[in-house]
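Survey of secondary and tertiary structure
Here is what each chain is made of, one letter per residue.
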Amino acid sequence: MGLLTIGAFAKASRLSPKALRLYDELGLLTPARVDPVNGYRFYAPEQLDRARLVAWLRRLGMPLTRIHHVCAMDAVPAAQEIRAYWAQVEARNAARRELATFLINHLTWEDPAMSATVKPLGIRYAALSDTGLVREKNQDTAYAGSRLLAVADGCGGAGAPASAAAVDALKHLETCSIPAGNLLNVLEDAMEQAKQAVHSVAGSSSSPEEAGTTLTAMLWTGSQLALVHIGDSRVYFLRDGELFRMTHDHTVVQSMIDEGRLTPAEAASHPQRSMLTRALGHGADATPDMRLHDARPGDRYLLCSDGLSTVVSTEEIRRVLSERSEPERAVRELIDLANGSGGPDNVSCVVADVMELQQ
């Protein structure tokens, strides 16, 4: 078969002549021959496979620069690159889905406390933070109050004041009045205040990049918990004996797991397992995950730094939360378990129980 005109090649490859001209200019699909007189482009039949791949990748929404990179690869690494790209797309969509769910719940929620038949709910809570057995100082901050629960894990030389500043910036939520329709704005403003507080700590540090922190917090609204989360601290909740994880780690290894490049078992010993992709600090992506969660009497919530989750198994966490009725005993035993496993990091825990208030 001879060379194909641009029209015939466009029809066979499912690419428009306009797109083919653009891809020629970008060096992505260079014609086999260009007529020196009239400038007509001609393509070889063997270029169809590459052109069809470009067309499929464009339908996936892949940027042209990344398509150029994929097309230069052999089949196996190209497939791995496409898998990694799609995992990133799904992660972005998951974050948008969380926000969409938050907005839908926020806009349609009716406060059950307005009904005379519903008993009012409250929380009982305990918070504890420990240096661990290896670190010289504690850079974690844990806080629990009647409305606010929070854990922050500082990093860098000024990590301790950074984590404390982030949590302190949220404490006004304990006492401020929040109209039902303004919850999202209040949370967004509070996270911005936390971000600025950490930046102030960084500004007073000799090296600004050495002041950063994770921040995971829950605000009790009376029958719901509003969650804001950035970093690799975690939230779990126990309901009817089952333990559920509510947060997604913002780390390099979690991204690699999402992309299928690592298994969870491999991630546990990966040298970059503590490297964050989101945090509060100098030059970091500070976009939080946000969601609303309907609470039930008997629910138990755990907020913890990675000093617990990296060394204590999920089953052990579930056992302690199930067996220890008092929040104070639960946080103490969880920290003892982390230290019993070597205590390689600071460890912080907040446990809160949802209960019916006595009238």
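Our structure is the block above this text.
Residues numbered from 1 in each chain as written. Predicted model: local features only at pLDDT ≥ 70, side-chain atom pairs only at ≥ 80, totals over all residues. Heavy atoms only, no water.

1. Side note on the overall build of the protein chain
Along the backbone of the protein chain there are 12 helices and 15 strands. Radius of gyration (C-alpha) of the protein chain: 26 Å, far over the 21 Å computed for a compact globule of 359 residues. Structurally, the protein chain occupies a C-alpha span of about 90 × 50 × 40 Å along its principal axes. With an accessible surface of roughly 17900 Å², the protein chain has 53% of that area assigned to carbon and sulfur atoms. Across the protein chain, the mean location of the 36 positive side-chain charges is 8 Å away from that of the 44 negative side-chain charges. (Helix = DSSP H or I, 4+ residues; strand = E, 2+ residues; numbered from the N terminus. Rg over C-alpha atoms; globule rule 2.2 N^0.38 Å. Areas by Shrake-Rupley, 256 points an atom, 1.4 Å probe, with all protein chains shown as cover. Lys, Arg positive; Asp, Glu negative; His and termini not counted. Charge placed at Lys NZ, Arg CZ, Asp CG, Glu CD.)

2. A word on the sheet that holds strand 1 (residues 4–5)
Spatially, three strands are ordered 1-3-2 in an open sheet, and the strand pairing comes out antiparallel. Edge strands, defined here as strands with exactly one partner in the open sheet, are strand 1 and strand 2 (33–34). Across two bridges, the pairing between strand 1 and strand 3 (residues 41–43) is antiparallel. Residue pairing in the sheet places threonine 5 in a bridge with phenylalanine 42 of strand 3. (Pairing = 2+ DSSP bridges.)

3. Details of the packing of helix 1 (residues 6–13) against helix 3 (residues 48–59)
Put simply, helix 1 and helix 3 touch, their axes get as near as 9 Å, and they point 55° apart. Considering their axes alone, helix 1 and helix 3 lie oblique with respect to each other. Of the two possible hands of crossing, helix 1 and helix 3 adopt the one that is right-handed. Residues Phe9, Ala12 and Ser13 of helix 1 pack against Leu48, Ala51, Arg52 and Ala55 of helix 3. (Axes fitted to C-alpha atoms, helices over the stretch in contact; angles between N-to-C directions. Parallel < 35°, antiparallel > 145°, perpendicular 65-115°, else oblique. Left-handed = near helix turned anticlockwise from the far one by under 90°. Contact = heavy atoms within 4.5 Å.)

4. A look at the pattern of salt bridges
What the rule picks out here adds up to 18 salt bridges. Two residues, arginine 300 and aspartate 353, come together in a salt bridge whose shortest N-O distance is 2.6 Å. Of this pair, arginine 300 sits in strand 14 (residues 300–304) while aspartate 353 sits in strand 15 (residues 347–356), placing them 53 residues apart in sequence. The class for arginine 300 is buried, based on a relative accessible area of 5%. In this structure, arginine 319 engages glutamate 316 in a salt bridge whose closest nitrogen and oxygen atoms are separated by 3.0 Å. (Salt bridge = Lys/Arg side-chain N within 4 Å of Asp/Glu carboxyl O. Buried < 20%, exposed > 50% of the residue type's maximum accessible area, 1.4 Å probe, protein only.)

5. Considering the layout of surface pockets
In this structure, the largest pocket spans a volume of roughly 830 Å³. The residue makeup of the lining of the largest pocket, split by class, is 12 nonpolar, 12 polar and nine charged. A volume near 500 Å³ is recorded for the second largest pocket. Along the walls of the second largest pocket sit 24 residues, with Ala91, His248, His250, Asp258 and Arg278 positioned nearest its centre. Elements with a minimum of two residues in the lining of the second largest pocket: helix 5 (75–108), strand 9 (224–230), helix 8 (252–258) and strand 13 (289–294). Looking at the lining of the second largest pocket, the element that brings in the most residues is helix 5, giving six residues. In the lining of the second largest pocket, the residues fall into seven nonpolar, eight polar and nine charged. (1 Å grid on protein atoms, 1.4 Å probe; cavity = no way out; pocket = protein on both sides within 12 Å on 5 of 7 lines; lining within 4 Å. Points joined across faces, edges and corners; volume = space filled by probe spheres on them. Nonpolar A, V, L, I, M, F, W, Y, C, P; charged D, E, K, R; others polar.)

6. Overview of the side chain of aspartate 24
Relative to the assigned elements, aspartate 24 resides in helix 2 (residues 17–25). Assessed through its relative accessible area of 18%, aspartate 24 is described here as buried. Engagement of the side chain of aspartate 24 in a polar contact is seen with the side chain of arginine 41, the distance being 2.8 Å. Residues contacting aspartate 24, with those up to four places away along its chain left out, are Leu29, Thr30, Pro31 and Arg41. (Polar contact = N/O pair within 3.5 Å; in protein donor to acceptor, adjacent residues only side chain to side chain.)

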